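For reference, the chains in residue letters:
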Amino acid sequence: MVWSGTWVAQRLGIGLEGDARLPELLGLALRRNPKRAHLLVSQVLGKHVPQSPAVVHGVGHDLGVRVRALLGDEEAARAVVLGYAETATGLGHSVADGVALAPYLHSTRRPVRGMTGAGGFEEAHSHATSHLLLPADPLLLTRPGPLILVDDEFSTGNTVLNTVRELHRIAPRERYVIVALVDMRAPADRDRLDAFAEEIGARIDLVALASGTVSLPDAVLEKGQALVARYDTAAAPDTAPGTVPAPDDTAPAPDTAAPAPRAAAVRRVELDWPADLPDGGRHGFLPAHRERLEAALPAMAARIAEALGLSAAPGEPAPGEPAPGEPAPGPAASPPRRVLLLGFEELMYAPLRLGTALERLTSAEIRFSTTTRSPVLAVDDPGYAIRTRLVFPAHDDPADGPGERYAYNVAGGGFDAVVAVVDSVADTPALHAPGGLLDRLAAHIPHVLLAAVPSHVPEGAAMPPAPPPPAPSGGLPAPSGGLPEPLRGPAFSSYAPDEVGWLLQDLSDVELEAPTEEREEAIQSGGAHYAESLPVEYQPSADYQRLFHTALENSAARIARAVGTVTETVLAETASPRPVLVSLARAGTPVGILMRRWAQRRHGLDLPHYAVSIVRGRGIDANALRWLSLHHDPADIVFVDGWTGKGAITRELTSALAAFEGFRPEIAVLADPGGCVRTYGTREDFLIPSACLNSTVSGLVSRTVLRSDLVGPDDFHGAKFYRELAGADVSGHFLDAVSARFAETHAAVDADVKERLSADRAPTWEGWAAVERISEEYGIHDMNLVKPGVGETTRVLLRRVPWKILARAGAGADLDHVRLLAAQRGVPVEEVGELPYSCVGLIHPRYTRGATGADGTAVTAL
């Protein structure tokens, strides 16, 4: 029999070294991921490869029996078993079954409204990294006994270290037991865990089926990416040609199974799941729950068998025995011979146990696997672990926004019936829609049943708990109420809902605008902070609008190149295979969306993207950081902005994040003329058309607002959605115009990134020094009133009371809009020979209502 890792091993030179049982337990596949080349594919986990439910549950149960023997019954009864989402939720529950005496909890990536996390930890190499812990009883995590951590593989130990470090901080323990199907750590990783155990003064044991190491040759990542590029396909799931075997590397192999004609409508089977019985371990599963489930499983399996018309196994009573002379029930005259129980992401244990019960009850061949978030290349070759894949949209309204989901080795697996088991939260119109999971299954398998398990919601989850449990990362404040979900278009902003989630509160109905002169006087007199009000939205003249469109046409390719360069730099230097983009609202938001589009189009990556508020002198929105830390690994987060001026926001971010653990105090920007950051698309100071306008190029969203009477301690910072300006909105046009130029810049971007990664990119702060010099030379003596660069100068002319504009001699068309705005406001433009920026805007240094411009004319509002 061909080992299911042969295809990858022959092409990349990857090998498994160690126990002889490893090839029986693991196959190999290629990740569709720019950070890691290979994926270890378990043959006994029931995630990517359909397997007998008895085998899947038995493997975990036997590991649990070993753990109980290691601990002894007294310690096992004091223990808690904790499984990792999403892959090991079923395995962890099966281990808990073997331990028998301990409660079970698994981490989750699904927040529950009204429940504040009792902790959290990060999985640095996972496709989706952030784990929440949401026990119905928070005391479950503070029990003094051993903590048993269960994952499918133990590769580097980073996940376990993150988990133990975080939970040990909350409730120190004397003993931890790590359980995995395979232990594939390198010797250095083993030494690191031993040193960590000594550091915290705890004993850490490990129980696994097999152990070994993965040998990786040089340049394996580059070779893996080349293979993925060769065999990947851009064809849509329902239009792709049939999956092509590729035994000799002569032709690309599409990784999406081709649909067959749809055979029949999907039918629903009612399980009669016991009332108030948890559907899994998301909020805790106690030994008493296990007894109730075991008692209910035979009847639920019988209902599935009856719906499928399955015959009983020898020695078992026939389900739904018909009366004499009546035909057997079921969808067909001949019952299915090969049936798949298909679970749903974290919902692994319930369908697994339904499968074990059905396997005992019937004579059909029963297999079990689940859908997943993880993107993997599929190649139809006997020596490759992932032969086919089905692609469908998420159907449980995930907190991180819509995205693709996958079912591997289902199409072409010889199944003539599938039972899709979901929880009720995921039983949505998207599940049943054309192109949804059920539709995709019905295109390949003759008989499809849907079984929905009631999603367990702990009592009181609908209202905020009190008092709040500890925050998951040191330094983050814990609001007393549950944090709201991100705002998304079209309800808030004109951007598509998958483009960005705004971690803001909607203040659209609040009157916040004030005349420019009043705002400037209040700000400079110390009577108000600039973030406490909004300027009246500038409505551009016809001439100005023409300038915007001309500038966009002329600079779209240059912007596309800068977008590609900064995105590729982020992907190359971020440890996470799926970095999380967090734009600084609002100038950073269009840039974050463009970076997300680049990653999608060139790498097939669906990067989460959010926008948060940061206010000079007040810091970053702490509640937004708390939300992010509950849903993502802070180390995966990349802050994004449009451009740097003198670097004030860069310094503000660095200062603000000093109080929060895990976040990297760096910004990736499109343009860095001031030399303030390491990660940038360009250091040229040229016109970025999104700087020409306000909300009408930023999704119709205002600048952010922070005012104590509107933003409480448990609130996100605020902003307004200017729906009434929809007729003038060019936000989508700007994004589409730049995105359309991506393909032509690939070669230039690759050259830029290669040069960038080998260069010294340490910030020079050249811009900061220039601003200090200008402030003194022009007698301003306040760096906050000197705004360098095209973007910041434009803001001065649109929002503040300008005094004069300094323009570098020969700056040319990049400053056409600046000159037009300056002329409209009666502001002089002074050409300067030596200037590190194309231009600098100077705010009037001593503004009062009676102040005049530099030429003696009265300053007027826009």
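Residues numbered from 1 in each chain as written. Predicted model: local features only at pLDDT ≥ 70, side-chain atom pairs only at ≥ 80, totals over all residues. Heavy atoms only, no water.

**Q** What is the right way to look at the overall build of the chain in this model?
**A** Summing up its helical and strand segments, the chain has 22 helices and 33 strands in all. Burial statistics for the chain: of 862 residues in total, 61% are counted as buried. Of the contacts made within the chain by residues no fewer than 6 positions apart, 76% connect residues no fewer than 24 positions apart. Carbon and sulfur atoms make up 53% of the accessible area of the chain, which totals about 31,100 Å². (Helix = DSSP H or I, 4+ residues; strand = E, 2+ residues; numbered from the N terminus. Buried < 20%, exposed > 50% of the residue type's maximum accessible area, 1.4 Å probe, protein only. Contact = heavy atoms within 4.5 Å. Areas by Shrake-Rupley, 256 points an atom, 1.4 Å probe, with all protein chains shown as cover.)

**Q** Just to check I follow, could you spell out helix 3 (residues 53-71) for this structure?
**A** Compared with an ideal rise of 1.5 Å per residue, which puts 19 residues at 27 Å, helix 3 spans 27 Å between its outermost C-alpha atoms and is within 8% of the ideal. If you check which residues of helix 3 are buried, you get Pro53, Val56, His57, Val59, Gly60, Leu63, Gly64, Val67 and Leu71. Viewed end-on, helix 3 has its buried residues packed into an arc of 155°, placing them on one side of the element. (Expected span 1.5 Å × (residues − 1). Arc of directions from axis to C-beta.)

**Q** Got a minute to help me understand unusual backbone geometry in this structure?
**A** Negative phi characterises most residues that are not glycine, and trans characterises most peptide bonds. Along the chain, alanine 85 connects to glutamate 86 via a cis peptide bond; the corresponding omega equals -10°. Omega for the bond connecting alanine 585 with arginine 586 falls within 30 degrees of zero, at 0°, which places this linkage in the cis form. Residue position: arginine 586 is located in the loop between strand 22 (580-584) and helix 15 (588-603). Although it is not a glycine, alanine 100 adopts a positive phi angle of roughly 75°. Looking at the element boundaries, alanine 100 is found in the loop between helix 5 (89-99) and strand 5 (104-106). Its relative accessible area of 27% is what places alanine 100 among the partly exposed residues. At serine 493, a residue that is not glycine, the phi angle is positive and equals roughly 90°. Residue classification places serine 493 among the buried residues on the basis of a relative accessible area of 0%.

**Q** Would you mind showing me how to read the pairing of strand 17 (residues 447-453) here?
**A** Strand residues, when the strand is regular, have side chains that alternate between the two faces of the sheet. Counting buried positions over the 7 residues of strand 17 gives 6, a clear majority of the element. As judged from the 2 bridges shared by strand 11 (residues 267-268) and strand 17, these two strands associate in the parallel manner. Each bridged residue has a counterpart across the sheet, and for arginine 267 the counterpart in strand 17 is leucine 449. Of the pairings in the sheet, the one linking strand 16 (residues 417-423) to strand 17 comprises 7 bridges and is parallel in character. Note on strand 17: the bridge partner recorded for alanine 420 is leucine 450. (Pairing = 2+ DSSP bridges.)

**Q** It is not clear to me how the environment of leucine 45 should be interpreted in this structure. Could you clarify?
**A** Inspection of the secondary structure puts leucine 45 in the loop between strand 3 (38-42) and helix 3. Leucine 45 sits 15 residues away from glycine 60 along the chain, and the two C-alpha atoms are 8.7 Å apart. Setting aside residues up to four positions removed in sequence, leucine 45 forms contacts with Val56, Thr87, Leu91, Asp152, Leu181, Met348 and Phe368.

**Q** Any chance you could explain the sheet that holds strand 26 (residues 637-643) here in plain terms?
**A** Hydrogen bonds between backbone groups are what pair the strands of a sheet, and the pairing can be parallel or antiparallel. Across the sheet, 6 strands lie side by side as 18-23-22-26-27-28; this open sheet has parallel pairing. Whereas interior strands pair on both sides, the edge strands pair on one side only; in this sheet they are strand 18 (501-502) and strand 28 (679-682). In terms of strand pairing, strand 27 (residues 667-671) meets strand 28 through 3 bridges, oriented parallel. Residue pairing across strands places valine 669 opposite tyrosine 680, the latter belonging to strand 28.

**Q** Looking at this model, I keep getting lost on the pattern of salt bridges. Mind explaining?
**A** Pairing between side chains of opposite charge can happen when their charged atoms approach one another. In the structure shown here, the tally under the stated rule is 39 salt bridges. Note that arginine 68 is salt-bridged to aspartate 73, the shortest N-O span being 2.8 Å. The partner of arginine 761 in a salt bridge is glutamate 573, and the shortest N-O contact between them spans 2.2 Å. Pair noted here: arginine 761 is in the loop between helix 19 (746-758) and helix 20 (766-777) and glutamate 573 is in helix 14 (residues 542-573), with a separation of 188 residues, a long-range link. Taking relative accessible area as the criterion, glutamate 573 reaches 33% and is therefore assigned partly exposed. Overlapping salt bridges bring together Asp97, Arg290, Glu294 and Arg353 as one network. (Salt bridge = Lys/Arg side-chain N within 4 Å of Asp/Glu carboxyl O.)

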